[in-house]
Amino acid sequence: MLDVLISLLAVQNLIFSEPASEGLSSPPPLPEKISAYPEKTGISLSPILGAKSVLSLDLDTGKFLFDRNINERLPMASLAKLMTALVILENHSLDEIVTVDPRATQIEPAKIFLLANEKITVRELIKSLIIKSANDSALALAYYDSPDLENFIAKMNNRAHQLGMNDTHFRNPVGFDDPDQYSSVSDLSILARTAYKQPIIRQAATITKTTLSSVNQQQTHEVEATNLLLNSYLKVFGLKTGTTDLAGQCLITIVESPDGPKIMNIMLNSPSRYDDSKILSQWVFDNYKWL
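Residues numbered from 1 in each chain as written. Predicted model: local features only at pLDDT ≥ 70, side-chain atom pairs only at ≥ 80, totals over all residues. Heavy atoms only, no water.

A.B. asks: Could you clarify how one ought to interpret the overall build of the protein chain in this entry?
C.D. replies: A tally of helices and strands in the protein chain yields eight helices and eleven strands. Expressed as a percentage of the 291 residues in the protein chain, the buried residues total 53%. Residue pairs at least 24 apart in sequence account for 63% of intrachain contacts in the protein chain once pairs closer than 6 positions are excluded. By element, 53% of the accessible surface of the protein chain is carried by carbon and sulfur atoms, the whole surface being about 13300 Å². (Helix = DSSP H or I, 4+ residues; strand = E, 2+ residues; numbered from the N terminus. Buried < 20%, exposed > 50% of the residue type's maximum accessible area, 1.4 Å probe, protein only. Contact = heavy atoms within 4.5 Å. Areas by Shrake-Rupley, 256 points an atom, 1.4 Å probe, with all protein chains shown as cover.)

A.B. asks: Which parts of the structure should I look at to understand the environment of serine 78?
C.D. replies: Mapped onto the elements, serine 78 comes out in the loop between strand S3 (64–68) and helix H2 (81–89). Distance in space between the C-alpha atoms of serine 78 and lysine 240 is 7.8 Å, their sequence separation being 162 residues. Once residues within four sequence positions are removed from consideration, serine 78 is found in contact with Ser133, Asn135, Val174, Gly175, Lys240, Thr241, Gly242 and Thr243. Reaching out from serine 78, the side chain makes a polar contact with the side chain of serine 133 at a distance of 3.3 Å. (Polar contact = N/O pair within 3.5 Å; in protein donor to acceptor, adjacent residues only side chain to side chain.)

A.B. asks: Just checking my understanding: could you explain the pattern of salt bridges for this structure?
C.D. replies: A side chain of one charge can pair with a side chain of the opposite charge when the charged atoms of the two come close. For the coordinates displayed, the defined rule picks out ten salt bridges. For arginine 171, the salt bridge identified is with glutamate 150, shortest N-O distance 3.1 Å. With arginine 171 in the loop between helix H5 (149–162) and helix H6 (185–195) and glutamate 150 in helix H5, the pair connects residues that are 21 residues apart, well separated along the chain. (Salt bridge = Lys/Arg side-chain N within 4 Å of Asp/Glu carboxyl O.)

A.B. asks: How do you make sense of the side chain of threonine 244 when you look at a structure like this?
C.D. replies: If you trace the backbone, threonine 244 turns up in strand S8 (residues 236–244). Using a relative accessible area of 16% as the deciding quantity, one classes threonine 244 as buried. A polar atom in the side chain of threonine 244 sits 2.6 Å from the side chain of aspartate 177. Apart from the residues lying within four places of it in its own chain, the contact partners of threonine 244 are Ala77, Gly175 and Asp177.

A.B. asks: What is the right way to read the sheet that holds S3 from this model?
C.D. replies: Strand pairing in a sheet relies on backbone hydrogen bonds. The paired strands run either parallel or antiparallel. Strand order in the open sheet formed by five strands is S3-S2-S10-S9-S8, with antiparallel pairing between adjacent strands. Both edges of this open sheet fall to S3 and S8, since each of them pairs with a single strand only. Taking each pair of neighbouring strands and ignoring which way they run, the sheet shows an average axis angle of 5°. Direction of pairing for strand S2 (residues 53–58) relative to strand S10 (residues 262–270): antiparallel, over a ladder of six bridges. Bridge assignment links aspartate 58 to a residue of S10, and that residue is isoleucine 263. Contacts between H6 and the sheet are confined to S2, S3, S8, strand S9 (248–256) and S10, with S10 contributing the most and set at about 135° to the helix. Set on the sheet, helix H8 (residues 273–287) makes contact with S2, S3, S8, S9 and S10; between it and S10 the angle comes to about 140°. (Pairing = 2+ DSSP bridges. Axes fitted to C-alpha atoms, helices over the stretch in contact; angles between N-to-C directions.)

A.B. asks: Please explain the nonpolar core as it appears in this structure.
C.D. replies: Among the nonpolar cores identified, the biggest contains 87 residues, and Met83, Ile126, Leu239 and Val284 are the most heavily contacted of them. Here the element with the most residues in this core is H2; it accounts for seven residues. In this view, methionine 83 contacts Met156, Arg159, Ala160, Leu163, Met165, Phe170 and Leu191; residues no more than four positions away in its chain are not counted. (Core = buried A, V, L, I, M, F, W, Y, C linked by side-chain atoms within 4.5 Å.)

A.B. asks: Just to check I follow, could you spell out the packing of aromatic side chains for this structure?
C.D. replies: Describing an aromatic ring pair means giving the distance of the ring centres and the angle of the ring planes. In total, this model carries two aromatic pairs according to the counting rule given. Consider the rings of phenylalanine 66 and tryptophan 283, whose centres lie 5.4 Å apart with planes at 70°: the pair is edge-to-face. In this pair, phenylalanine 66 sits in strand S3 while tryptophan 283 sits in helix H8, placing the two residues 217 residues apart along the sequence. Centre to centre, the rings of tryptophan 283 and tyrosine 288 are 6.3 Å apart; their planes meet at 65°, and the pair counts as edge-to-face. The class of tryptophan 283 is buried, set by a relative accessible area of 9%. Among the residues examined, tyrosine 288 registers a relative accessible area of 7% and is labelled buried. An aromatic cluster is built from Phe66, Trp283 and Tyr288, whose rings are joined through pairwise contacts. (Phe/Tyr/Trp six-rings, centres within 6.5 Å; stacked < 30°, edge-to-face > 60°.)

A.B. asks: Would you explain the environment of serine 183 in this entry?
C.D. replies: For serine 183, the position within the fold is in the loop between H5 and H6. Taking the C-alpha atoms as reference points, serine 183 and histidine 169, 14 residues apart in sequence, are found 6.5 Å from one another. Side-chain polar atoms of serine 183 contact the side chain of threonine 168, separated by 2.7 Å.

A.B. asks: I would appreciate a short explanation of H5 in the present structure.
C.D. replies: Every α-helix winds through 3.6 residues per turn, so residues three or four apart in the chain are directed the same way. With 14 residues, H5 should cover 20 Å at 1.5 Å per step; its first-to-last C-alpha distance of 20 Å lies within 8% of that length. Every buried residue belonging to H5 is among Leu149, Phe152, Ile153, Met156, Asn157, Arg159, Ala160 and Gln162, and all of these are buried. Positive backbone phi, approximately 80°, marks glycine 164, located one or two places after H5. (Expected span 1.5 Å × (residues − 1).)

Right under this line is the structure:
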């Protein structure tokens with residue numbers, strides 16, 4: 001019995017120890033619990049999924065529950081906006097007022113139609129970025145932080161390096177296709193779990209529809225969630241959608257299990273991301289138990 005306990009402790013130490021980062025301050029440790037669960041109890045065949053790259057994991061511990069091509073570098077579409085949001089939130093307060101750079105208003109599509117020089121808080125822009133996946137909001141935040149966009153992109157890449165996202169590189173804060181912009185589902189699990197620790201992201205990820213306003217209340221922006229799973233039979237808590245021609249349908253979903261804890265499903269290049277996430281969620285719930 002003593003040998004078993006020692007072995008368990010050794011495994012836990014291996015799982016939850018984090019390498020020291022270089023240059024930037026150390027990120028907060030991701031795991032919040034030390035647990036052997038969820039424990040696999042089922043013997044079902046692997047789920048049939050259309051996505052090219054897939055990962056399902058326990059949100060608290062980071063334990064992988066199902067994976068396919070987890071280190072393959074693929075376009076990530078608007079899932080990149082999670083890094084945009086993270087860089088902003090780690091360097092600015094929610095109440096800071098952004099004067100919208102006119103360059104941000106010229107982008108298409110998926111926008112909330114910000115006006116040039118409109119004054120709006122970081123909080124409202126983060127909400128629109130998560131709920132609506134608004135490209136103009138992402139650019140407005142990036143230009144607010146760094147008028148030279150290359151400087152902001154460098155911050156995104158530095159943060160990715162700090163987090164140990166070795167199969168990730170950014171070339172824009174929006175998620176547009178670029179040969180030099182890519183990630184893997186394994187790396188995206190690190191980014192998503194880190195970003196989800198931000199209260200504003202957790203809150204915004206569950207909103208289906210709302211109205212955002214400029215500081216003077218003269219401009220309003222109606223936003224509706226791009227995540228169609230929020231209205232499904234699953235208990236969904238976000239998190240981010242993305243679609244481009246090269247990336248296909250991409251999705252990060254957080255779903256509550258029947259036992260209470262949450263799982264995170266990540267998929268890149270899916271022909272039907274919502275169906276894939278439903279199938280994967282049910283497979284995990286049928287084959288794992290949290291005790």
